[in-house]
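Residue-level listing of the chains:
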Amino acid sequence: MSGGIVEVKEHKDGEENMAAWLVGIKTLKIEPYHLPPLGPHDVKVQIKALGICGSDVHHFKNMRCANFIVKKPMVIGHECAGIIEEVGSEVKTLAVGDRVALEPGISCRRCNLCKDGRYNLCPEMKFFGSPPTNGSLANKVVHPEYLCFKLPDNVSLEEGAMCEPLSVGVHACRRANISPETNVLIVGAGPIGLIVLLAARAFGAPRIVIVDVDDCRLSIAKNLGADETIQVSTNIQDVGEEVVILQSAMGSGIDVSFDCVGLNKTMSTALNATRSGGKVCLIGLAQSETTVPLTPAAVREVDVIGIFRYRNTWPLCIELLKTGKIDVKPLITHRFGFSQKGVEDAFETSASGRSAIKVMFNL
Amino acid sequence: MGKGGMSHGSAGEAKDGEEENMAAWLLGINTLKIQPFKLPPLGPHDVKIRMKAVGICGSDVHYLKTMRCADFIVKEPMVIGHECAGIIEEVGSEVKKLVPGDRVALEPGISCWRCNLCKEGRYNLCPEMKFFATPPVHGSLANQVVHPADLCFKLPDSVSLEEGAMCEPLSVGVHACRRANIGPETNVLVMGAGPIGLVTMLAARAFGAPRIVIVDVDDHRLSVAKELGADDIVKVSTNIQDVAEEVSQIHKAMEAGIDVTFDCAGFNKTMSTALSATRAGGKVCLVGMGHSEMTVPLTPAAAREVDVVGIFRYKNTWPLCLEFISSGKIDVKPLITHRFGFSQKEVEEAFETSAGGGNAIKVMFNL
């Protein structure tokens, strides 16, 4: 297949490419999606599995997420995997029929951050489902070859889609230097907290304590291998008392805390609970302005490390899944098909939280 | 001179002809009195030093005014002062590298050397740290002190005792520059042009920072910073509404991305400015301890991977400070703005001058 440039309005078999468009607050519509032409280094991917992320839900509910504002209809979704249908003329490492996981973000590869390897911070980043870039909850998408990663035979397409959230955990563990010597505290047992739990264990963390307000999520965390789970409150007055409980649950100093929520209380807990010289990794982005005891942490040289998405994580994620070091399958709690009703039900389920961890589309 | 045996009993009972050791004691709020200070016996690894130069730190002033500093509370009379240098008078039996007559700068803090933090080299964080003038440990504004020899650093001939005393505040700047990885590629913003902002600026330059912008609310301090080599200075306000506009001015002054910001003040406004002004992937180094709990836009910074690096005192900085000073890479002398002798009246005046801020940067005692 030489992969010439064809304007795809209709598929070969007569079907139009359809996608889930965010057209207004809480309004998703499945409608035609005209793909751009296939460039020489691009591939066309038939999407088979796609997970819903908290940011997708946030866009859905608010038509914005932090500084990203949805100003015109946009295809939603970014955690995906599929099968190669067509390859561009210069594509060498992939072939039609290959099963691939997709890394969503296309960076400029020219700016200093990109050239430094920190491409996740590229100011020109074009990221699936971050306005104005269309996402990938569609029959097909066009994407650069170098952002599609071939899946081993024993890794399913759903697991391929899970590489995206897993990448957040992997990137965080790298930035925080998780190792066989770092005792880890995870604040928040939602999808991101649970991913971080799995990643931290894969990086060798000897002891992991995880906390949440929801005992259902805590029991999932226990099943996924947390050494200990602790239920905490939403009341900021309880921080002092809870820190004592956490530290004694850990048994020794807490070397790294991951705040997978990002509220005043969770940050305060993390900053207070971490040992002198340790690190707090802020992944959760719940609150913009936080009131936190930053100075008492800084005078103990507890550093705060920020996390934004990931970089260069797909190969490692695929390796961890292939070898069984990480099992993401238990995180997929609900499945839906790609229909108007399926899409609406899926987003409602994901938004409701509690027992819904990862809601997955099978296309 | 003996092999450094014990100084018997209390220095109050002076050996024949020797004077009593006197020190400046903090007795209560705003109350310093020069009174006798009995030294402990000289251990085998200790030296006795005759103090010659002692600088006043913001923390010393804070103790004078409030009898506390963060969680450290002065519950009984305590000798004040910790930024010091002097001349060795006596050495313990196992001391090999120092002899009486040597001019030395003192690193104030004695850590335990047994805990995990100490063994890892992060001894500044030792929970058992005994630090000059951090209660209940006595300080060094005295005629003489006893101190471990390994915390006394010999001054090169070209380095004065006052410059030796300046190694202590300079160490804070050096430690911060190390933790923040300052080098020839890091453009630096310094928030606050007080004594700590200024030593941080001098240290950053010595580490190779190509461009340094410093901000403050005070014109005079900004002009001192300019004389000390700041590439640009920006006057800022105390009003937190002004952050966005000031960040814009700061960016214009830097002319490039800000890789590292040192907050040498430590207030909501300075931290908010620092977090906003620093480029994606950069670092904010929190050196100043203005406010305990801060309301800051932490999430937007974290979402740009701007890391916050904490600083507490220093570790293993004296040799480098002395190298910087003796080579001329750093000149601390302009920071010493006022000098006083060691008498009751002058001790009181010195602290008043230091507390007054304004033109006073480093107030130095000459003993």
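Residues numbered from 1 in each chain as written. Chains lettered and ligands numbered in written order. Predicted model: local features only at pLDDT ≥ 70, side-chain atom pairs only at ≥ 80, totals over all residues. Heavy atoms only, no water.

Novice: How should helix H9 (residues 314–322) of chain A be read in this particular structure?
Specialist: Every α-helix winds through 3.6 residues per turn, so residues three or four apart in the chain are directed the same way. Residues and elements named next belong to chain A. Turning to H9, its buried residues are Trp314, Cys317, Ile318, Leu320 and Leu321. An end-on view of H9 places all buried positions within 160° of arc, on one side of the element. Phi turns positive one or two residues past the end of H9, at Gly324, with a value near 80°. (Buried < 20%, exposed > 50% of the residue type's maximum accessible area, 1.4 Å probe, protein only. Helix = DSSP H or I, 4+ residues; strand = E, 2+ residues; numbered from the N terminus. Arc of directions from axis to C-beta.)

Novice: Which parts of the structure should I look at to understand the interface of chain A and chain B?
Specialist: Often, the extent of an interface is quoted as the loss of accessible area on bringing the components together. Tallying the contact residues gives 33 residues for chain A and 32 residues for chain B. Of the roughly 2,800 Å² buried at the junction of chain A and chain B (both faces included), carbon and sulfur atoms supply 52%. A per-residue breakdown of the area chain A buries against chain B is headed by A:Leu294, A:Thr295 and A:Glu301, which together make up 22% of the total. Linking chain A with chain B are seven salt bridges, by the criterion used here. (Contact = heavy atoms within 4.5 Å. Buried area = accessible area lost by both parts, 1.4 Å probe. Salt bridge = Lys/Arg side-chain N within 4 Å of Asp/Glu carboxyl O.)

Novice: Would you mind showing me how to read the sheet that holds strand E2 (residues 27–32) of chain A here?
Specialist: Two modes of strand pairing occur in sheets, parallel and antiparallel, and in both the strands are linked by backbone hydrogen bonds. All names here are of chain A. With respect to topology, three strands assemble into an open sheet ordered E2-E1-E6, the strand pairing being antiparallel. Strand pairing shows two members of the sheet lacking a second neighbour, E2 and strand E6 (74–75), which therefore form its edges. In this sheet, E6 lies alongside strand E1 (residues 18–24) in antiparallel orientation, the contact comprising two bridges. Bridge pairing in E6 places Trp21 opposite Val75. (Pairing = 2+ DSSP bridges.)

Novice: For this particular structure, what's the right way to read the sheet that holds strand E6 (residues 78–79) of chain B?
Specialist: Residues and elements named next belong to chain B. Strand order across the open sheet formed by three strands is E2-E1-E6, with antiparallel pairing between neighbours. Only two strands of the sheet have a single neighbouring strand rather than two, namely strand E2 (31–36) and E6. Bridge count for strand E1 (residues 22–28) against E2 is six bridges, and the pairing is antiparallel. Opposite Leu26, over in E2, you have Leu32 as the bridge partner.

Novice: Quick question: what am I supposed to make of the nonpolar core here?
Specialist: For soluble globular proteins, nonpolar side chains are generally found buried alongside one another. Ranked by internal contacts, the top residues of the largest apolar core, which has 62 residues, are B:Leu170, B:Ile182, B:Leu198 and B:Phe262. With nine residues, the top contributor of residues to this core is helix H3 (residues 161–179) of chain B. In this view, B:Leu198 contacts B:Ala193, B:Ile214, B:Val224, B:Ala225, B:Leu228, B:Leu335 and B:Ile361; residues no more than four positions away in its chain are not counted. Membership of the second largest hydrophobic core comes to 59 residues, among which are A:Val155, A:Leu157, A:Leu320 and A:Met360. (Core = buried A, V, L, I, M, F, W, Y, C linked by side-chain atoms within 4.5 Å.)

Novice: I keep staring at helix H5 (residues 215–223) of chain A and nothing clicks. Help me out?
Specialist: Residue and element names in this part refer to chain A. Within H5, burial applies to Arg217, Leu218, Ile220 and Ala221. What you see down the axis of H5 is that its buried residues fit within an arc of 160°, all on one side. The inward-facing, buried residues of H5 contact helix H4 (191–202), strand E14 (208–212) and strand E15 (228–231). Trailing H5 by a residue or two, Gly225 shows a phi angle of about 110°, which is positive.

Novice: Would you mind going over the packing of helix H3 (residues 157–175) of chain A against H9(A) with me for this structure?
Specialist: In helix packing, the relevant descriptors are the interaxial angle and the interaxial distance, both defined with respect to the helix axes. Residue and element names in this part refer to chain A. Contact geometry of H3 with H9 gives a least axis separation of 8 Å together with a crossing angle of 110°. Judged by the angle between their axes, H3 and H9 are roughly perpendicular. Taken as a pair, H3 and H9 cross one another with a handedness that is right-handed. Residues Glu159, Cys163, Glu164, Leu166, Ser167, Val170 and Arg174 of H3 touch H9, and the partners they reach there are Trp314, Leu316, Cys317, Ile318, Leu320 and Leu321. Along the lines of polarity and charge, the residues of the contact of H3 with H9 split into nine nonpolar, one polar and three charged. (Axes fitted to C-alpha atoms, helices over the stretch in contact; angles between N-to-C directions. Parallel < 35°, antiparallel > 145°, perpendicular 65-115°, else oblique. Left-handed = near helix turned anticlockwise from the far one by under 90°. Nonpolar A, V, L, I, M, F, W, Y, C, P; charged D, E, K, R; others polar.)

Novice: What is the right way to look at the environment of A:Gly39 in this model?
Specialist: Tracing the chain through its elements places A:Gly39 in the loop between E2 and strand E3 (42–51). Put simply, A:Gly39 and A:His143 are 104 residues apart on the chain and 9.0 Å apart in space, counted from C-alpha to C-alpha.

Novice: What exactly am I supposed to notice about the pattern of salt bridges here?
Specialist: Where charged atoms of side chains with opposite charge meet at close range, the side chains can pair. Counted under the stated rule, the structure contains 34 salt bridges over all chains. Between B:Glu305 and A:Arg118 there is a salt bridge whose closest N-O contact spans 3.1 Å. One end of the pair, B:Glu305, is in the loop between helix H8 (298–302) and strand E19 (307–310); the other, A:Arg118, is in the loop between helix H2 (112–115) and strand E10 (126–127), on a second chain. The class for A:Arg118 is buried, based on a relative accessible area of 14%. Across the pair B:Lys235 and B:Asp219 runs a salt bridge, and its minimum N-O distance is 3.0 Å.

Novice: Explanation requested: the pairing of strand E11 (residues 144–148) of chain B in the structure shown.
Specialist: Side-chain direction in a regular strand flips from residue to residue, so the side chains alternate between the two faces of the sheet. Residue and element names in this part refer to chain B. The buried fraction of E11 is high, at five of five residues. Neither face of E11 is exposed, since Gln144, Val146 and Pro148 on one face and Val145 and His147 on the opposite face are all buried. As paired strands, strand E3 (residues 46–55) and E11 are joined by five bridges and run antiparallel to one another. Following the sheet pairing, Arg50 is matched in E11 by Gln144.

By themselves, these are just geometric observations and shouldn't be taken as functional.
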